[in-house]
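So you can see what is in the structure, the chains are spelled out below.
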Amino acid sequence: MRDSRLPPLADALIPAADDMPSASEADATGKWTERALAARRDLAAAFERALEAADVESLQKDDSEAFAALGEIVSGAYYMNVKVRKRIGYPGQKANPPFPDEADYYLEGLLPERDKPLPDRRPIAPHTKTDSPANVLVIGAGASGAVAAKELAEAGFSVVCLEQGAWKNASDFPGDKLEFELLVGKEWNANPNIRGWPEDYPCETSESEVDPVMFNAVGGSTIHFGAQWARMRPADFRTRSLEGVGDDWPISYEELLPSYERLDVDMNVSGIGGDPAYPPGAPPPLPPLSIGKIGRKAAGGMNKLGWHWWPAAHAIPSQATATQAPCARRGTCMFGCPEGAKGSTDLTIWPKALAAGAKLITGARVREITTNGNGLASGALWIDRDGNEQRTEADVVVLAANGVGTPRLLLLSGLANSSGLVGKRLMLHPYMSVLGLYDEDLESWLGPWGTPLLSLQFADTDESRGFPRGAQWDVMPIGGPLMALARYDALPFEKRWGRSTHGLVEKTLGRAFDWGIGIEDLPSEANVVALDRALTDSDGIAAPRIRYRIDEDAKANLAWQIERATEAHEAAGAVETVVTDWSQWGWHLLGTCRMGDDPSASVVDRFGRAHDVPNLYIVDGSVFVTSGPQPPTATIAANAHRCVEHLIQTASLQAVPA
């Protein structure tokens, strides 16, 4: 039956036009349909409903869910066909190793002349070993947990890490598969509520305008990040003193600088020093990645306007390392790197941690941090994948479960909340973008996805704008045909489908890029992570309930930045711009266990130690006081390093359970 019902519907969506075949002529109603449905099994029921429709326009009106499923499956099947890809000039997300001098070629003539050479790298001080016995339990194996485990193990401590996810292999990732763009819609979606893997826990978000993005695995959300390695600036730690908004951190950029530079080495960061937005310092250890045609086009526009830009640093090596291949520019970074290049901590940090003796237990879902009668943490209770409860005892517990998972676990355990701030002040970096379309081939499916270049021109408060703080801008590739077409899903049928589909692909695919706008949202106690009374994970543990609203200042910030980004595209020669609202995605989970010197106004001290539980440390993004406009992973990892270094140095004074 499907063989007879599908072709007319599919051909109404994608008809023949000029040299492009119709959906049925490209076998998008046969073998490719089955392959598309296998990648998106969640759409199967709605797709079958769609086949009962008399025509696609009435289906769109009467059953929008079924129409969307039909469009996704037909489009996915059509653009998987390699003959179609050849006709539209799309090679797929293939490996594209850069030439050795490619980065220099694209930067030639764009960067300002430097007044003086960059300083030499400062030597890294060796770690001080200790003979003091210790048993440290780390919860979470992502950016901060990996750093903590490695540093503690290398210092001679006995370390156990509990991670509810598993190891991922490069072959698991979707970026080298024909179904890539379909797989990221469900199976590899960044939202755990959509992805729904057994190791995920659900988040109740009915009262939230933003859904949290996270990933549970060895490497944590570094599996799913774009590997941009951007630091906060000195002023970002002092927004209250300098601008009268937010709060000052109890630490400074200068205190964090040695750890920033250490993590650049540990994460095999590629980049170029000398960014005028930062104080002088050691450059990244590896040469920069190419900014490509889209970076060069964007930089030319920024130079015309006299606005700041700089080639982004990446936790992606431009040269092979002991555990990583060099970047192949697939442009699939945010969904796992099938080349084994991207610097997720399972490749960069964990091999060293394990070599130093750290023990990593996967499939371990922690439900409670235990305590003794003296108010000290004594370890954790956790559930293994067979459903059995296990106990791990420890002298010190280090929490590294992200800005949602950490407050959830503290609330489940009834710990560290005398301030009442556990779970409050959630910050998520609302995000939008402006797509610029150009009359030239820009190969804008090439990576790195994380951003070839960035701008901090409008990152600080300007009172004339009427709102506090600003944003970091990122040049972003746009992926393949499905991701290009998704920008136009709100158009009426006749402008989005039929012959129009071919026109939209022709003008957008490979010829457009985004200026992405990630604004700094200031902390508010109205934005919270709490425990839900009804929803649980698969082990019966209460799920987090998230309430987050994008306030009026943030909306004004986004609107203003979007206008400037449109100007930047126009200066670069864009013939058209399209605004896309991505603000439903909470890419960065920050602020829910803030650090500070005052126990009544913070959860942990400047070294991540809980004010209420002196042998409990928190080292993830939940300790952020403000969010900064930058992606936070470099700061999360550096702060974890700084906190653990202090723990190591003061181990002989550390209170532990008897």
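The coordinates are above.
**Focus: the overall build of the chain**
Part 1: Of regular secondary structure, the chain possesses 21 helices and 18 strands.
Part 2: Since a compact globule built from 658 residues should have a radius of gyration of about 26 Å, the 25 Å found for the chain is in line with a globular shape.
Part 3: Projected onto its principal axes, the C-alpha positions of the chain cover 75 × 65 × 50 Å.
Part 4: Scored against the burial criterion, the 658 residues of the chain give a buried share of 62%.
Part 5: Sequence separation of at least 24 residues holds for 75% of the intrachain contacts in the chain that already meet a minimum separation of 6.
Part 6: When the accessible surface of the chain is split by element, carbon and sulfur atoms take 50% of a total near 24,500 Å².

**Looking at the side chain of Arg85**
Part 1: Here Arg85 shows up in helix H6 (residues 82-88).
Part 2: Buried within the structure, Arg85 lacks any salt-bridge partner; Glu181 is the closest side chain of opposite charge, at an N-O distance of 5.4 Å.
Part 3: A distance of 3.2 Å separates the side chain of Arg85 from the backbone oxygen of Leu178, its partner in a polar contact.
Part 4: Beyond its immediate chain neighbours, meaning those up to four positions away, Arg85 contacts Tyr79, Met80, Tyr90, Gly92 and Leu178.

**What to know about the sheet that holds strand E1 (residues 135-139)**
Part 1: One open sheet holds the 5 strands; their spatial order is E5-E2-E1-E9-E18, and the pairing between them is parallel. The two strands at the open ends of the sheet, each matched to only one other strand, are strand E5 (359-362) and strand E18 (616-618). Here the average twist between neighbouring strands, direction ignored, is 20 degrees.
Part 2: Pairing analysis gives 3 bridges linking strand E9 (residues 396-399) to E18, with the strands arranged parallel. Within E18, the position partnered with Val397 by the bridge is Leu616.

**Points about the nonpolar core**
Part 1: The biggest cluster of nonpolar side chains holds 158 residues, and the ones touching the most others in it are Leu70, Trp229, Trp350 and Leu410.
Part 2: The biggest single contributor to this core is helix H5 (residues 64-80), with 10 residues.
Part 3: In contact with Leu410, not counting residues within four places along its chain, are Ile369, Leu399, Leu415, Ala416, Val422, Cys593, Leu616 and Ile618.
Part 4: The next biggest cluster of nonpolar side chains, apart from the first, holds 42 residues, and it includes Leu442, Ala471, Phe513 and Val529.

**Digging into the pairing of strand E7 (residues 377-383)**
Part 1: With respect to burial, E7 is a largely interior element, 7 of its 7 residues being buried.
Part 2: In this structure, strand E6 (residues 365-371) lies alongside E7, joined through 6 bridges in antiparallel fashion. In the strand pairing of E7, Arg365 is matched with Ile383.
Part 3: From the end of E6 to the start of E7, which pair antiparallel, there are 5 residues, and Gly375 there has a positive phi angle of about 80 degrees.
Part 4: Here E7 pairs with strand E8 (residues 389-393) via 5 bridges, running antiparallel. For Ile383, the partnering residue across the bridge sits in E8 and is Glu389.

**Remarks on the packing of aromatic side chains**
We describe a pair of aromatic rings using the distance from one ring centre to the other and the angle between the two ring planes.
Part 1: For the structure on display, the rule yields 22 aromatic pairs.
Part 2: With 4.9 Å between their ring centres and 90 degrees between their planes, Tyr78 and Tyr79 make a pair best called edge-to-face.
Part 3: Judged by its relative accessible area of 0%, Tyr78 is buried.
Part 4: On the accessibility criterion, Tyr79 (2% relative accessible area) is buried.
Part 5: Ring geometry for Trp307 and Phe458: centres 4.9 Å apart, planes at 85 degrees, overall edge-to-face. Of the two residues, Trp307 is situated in the loop between helix H13 (292-305) and strand E4 (310-311) and Phe458 in the loop between strand E11 (453-455) and strand E12 (471-476); the sequence distance between them amounts to 151 residues. When sorted by exposure, Trp307 lands in the same class as Phe458, which is buried.
Part 6: Through a chain of ring-to-ring contacts, three or more aromatic side chains come together here, namely Trp307, Phe458, Phe467, Trp473, Trp515 and Trp560.
Part 7: Arg408 extends its terminal NZ or CZ atom over the ring of Tyr201, reaching a point 4.5 Å from the ring centre.

Thresholds applied
Residues numbered from 1 in each chain as written. Predicted model: local features only at pLDDT ≥ 70, side-chain atom pairs only at ≥ 80, totals over all residues. Heavy atoms only, no water. Helix = DSSP H or I, 4+ residues; strand = E, 2+ residues; numbered from the N terminus. Rg over C-alpha atoms; globule rule 2.2 N^0.38 Å. Buried < 20%, exposed > 50% of the residue type's maximum accessible area, 1.4 Å probe, protein only. Contact = heavy atoms within 4.5 Å. Areas by Shrake-Rupley, 256 points an atom, 1.4 Å probe, with all protein chains shown as cover. Lys, Arg positive; Asp, Glu negative; His and termini not counted. Salt bridge = Lys/Arg side-chain N within 4 Å of Asp/Glu carboxyl O. Polar contact = N/O pair within 3.5 Å; in protein donor to acceptor, adjacent residues only side chain to side chain. Pairing = 2+ DSSP bridges. Axes fitted to C-alpha atoms, helices over the stretch in contact; angles between N-to-C directions. Core = buried A, V, L, I, M, F, W, Y, C linked by side-chain atoms within 4.5 Å. Phe/Tyr/Trp six-rings, centres within 6.5 Å; stacked < 30°, edge-to-face > 60°. Lys NZ or Arg CZ within 6 Å of the ring centre and 35° of its normal.

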